[in-house]
Amino acid sequence: MAMALFEGDDWRQDYQGKPALRPNVCVGYILHHERYGDGRFDLLMQGLHRSRIVQEIPHDPYRMAILEPIDDEPSMEIDL
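Here's what I pulled together on the structure shown here. This structure is a prediction, so every number in the text was calculated from the model and none was measured. (Residues numbered from 1 in each chain as written. Predicted model: local features only at pLDDT ≥ 70, side-chain atom pairs only at ≥ 80, totals over all residues. Heavy atoms only, no water.)

### Re the sheet that holds strand 3 (residues 41-57)
At step 1: A sheet is described by the order of its strands in space; here four strands give the open sequence 1-2-3-4, paired in antiparallel fashion. The sheet is open, and its two edges are formed by strand 1 (2-3) and strand 4 (64-69), each paired on a single side.
At step 2: One ladder, built from six bridges, connects strand 3 with strand 4; its direction is antiparallel. Bridge pairing links Ile53 to Leu67 in strand 4. (Pairing = 2+ DSSP bridges. Helix = DSSP H or I, 4+ residues; strand = E, 2+ residues; numbered from the N terminus.)

### Side note on unusual backbone geometry
At step 1: Here the bond from Asp60 into Pro61 is cis, since omega is 5 degrees, no more than 30 degrees from zero.
At step 2: Note on placement: Pro61 falls in the loop between strand 3 and strand 4.

Just geometry here; none of it tells us what the structure is for.
Here you go:
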């Protein structure tokens, strides 16, 4: 699973649309999840590496993309 962040502040007005994403994402796996009665989830994710969004793929309700790994220097765990 990849976790992306929105770019800038325009997402506040277009949250239900497709607001712009920052170009880099964190790829990892879900360690724990909790589902609420209204359909929302809390996720605890363990990051594995960073990737760059190469192309977004049309998909609903979740956004999908083709990613390429970013070769960067290992981070200290405290910085993650």
